[in-house]
Amino acid sequence: KNDYIKERNFGVYSPNTWMKNSCDKDWTTFTHQCRGDLDTCQMIDNKLICGVPQEHETCWRVSFRYQLEKAMERKGFMIQVVEYYKDKEKHIPGDGQTIETDMAKLVG
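Residues numbered from 1 in each chain as written. Predicted model: local features only at pLDDT ≥ 70, side-chain atom pairs only at ≥ 80, totals over all residues. Heavy atoms only, no water.

(A) Quick look at the environment of Leu 68. Checked against the element boundaries, Leu 68 lands in helix α2 (residues 60-73). Relative accessible area serves as the criterion here: at 9%, Leu 68 is assigned to the buried category. (Helix = DSSP H or I, 4+ residues; strand = E, 2+ residues; numbered from the N terminus. Buried < 20%, exposed > 50% of the residue type's maximum accessible area, 1.4 Å probe, protein only.)

In structure tokens:
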């Protein structure tokens, strides 16, 4: 049932492990048009090499969407960890996580 786990046929992506760039001057404005595709991203040159986002040079949203699409192609999944705020007694996603969730809905 979980052969891909048994075979270790999976990858791990942690978006915070590499330096990013952004076409949004404030980085995490939800109403900014960029949803990680080249039609909505406003960066002049995303420095994609063979379609792969590059550290420091690619909009973080383009990089994240690339990972979403890669997971979909491989019938995989992505997990989002959302911090729990004890004083508010609930999990609250960060602004970037809200954008990531929206992009995940767009990708499928």
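Still to come is the rest of the account.
(B) Here's a closer look at the packing of α2 against helix α3 (residues 95-107). Following both chains from N to C, one finds α2 and α3 inclined at 40°, their axes separated by 10 Å at the closest point. As summarised for this structure, α2 and α3 are arranged oblique, according to the angle between their axes. Here the hand of the crossing between α2 and α3 comes out right-handed. Each of Trp 60, Arg 61, Phe 64, Arg 65, Leu 68, Glu 69 and Met 72 in α2 lies in contact with α3, whose residues at this interface are Gly 96, Ile 99, Glu 100, Met 103, Ala 104, Leu 106 and Val 107. Each residue belonging to the contact of α2 with α3 can be placed in one class, and the counts come to 9 nonpolar, 1 polar and 4 charged. (Axes fitted to C-alpha atoms, helices over the stretch in contact; angles between N-to-C directions. Parallel < 35°, antiparallel > 145°, perpendicular 65-115°, else oblique. Left-handed = near helix turned anticlockwise from the far one by under 90°. Contact = heavy atoms within 4.5 Å. Nonpolar A, V, L, I, M, F, W, Y, C, P; charged D, E, K, R; others polar.)

(C) Geometry of the state of the cysteines. By the definition in use, this model includes 0 disulfides. Cysteine Cys 41 shares no disulfide, and the gap to the nearest cysteine sulfur, in Cys 23, comes to 3.7 Å. A relative accessible area of 9% places Cys 41 in the buried class. No disulfide involves Cys 50; its sulfur sits 19 Å from that of Cys 41, the nearest cysteine. (Disulfide = S-S within 2.5 Å.)

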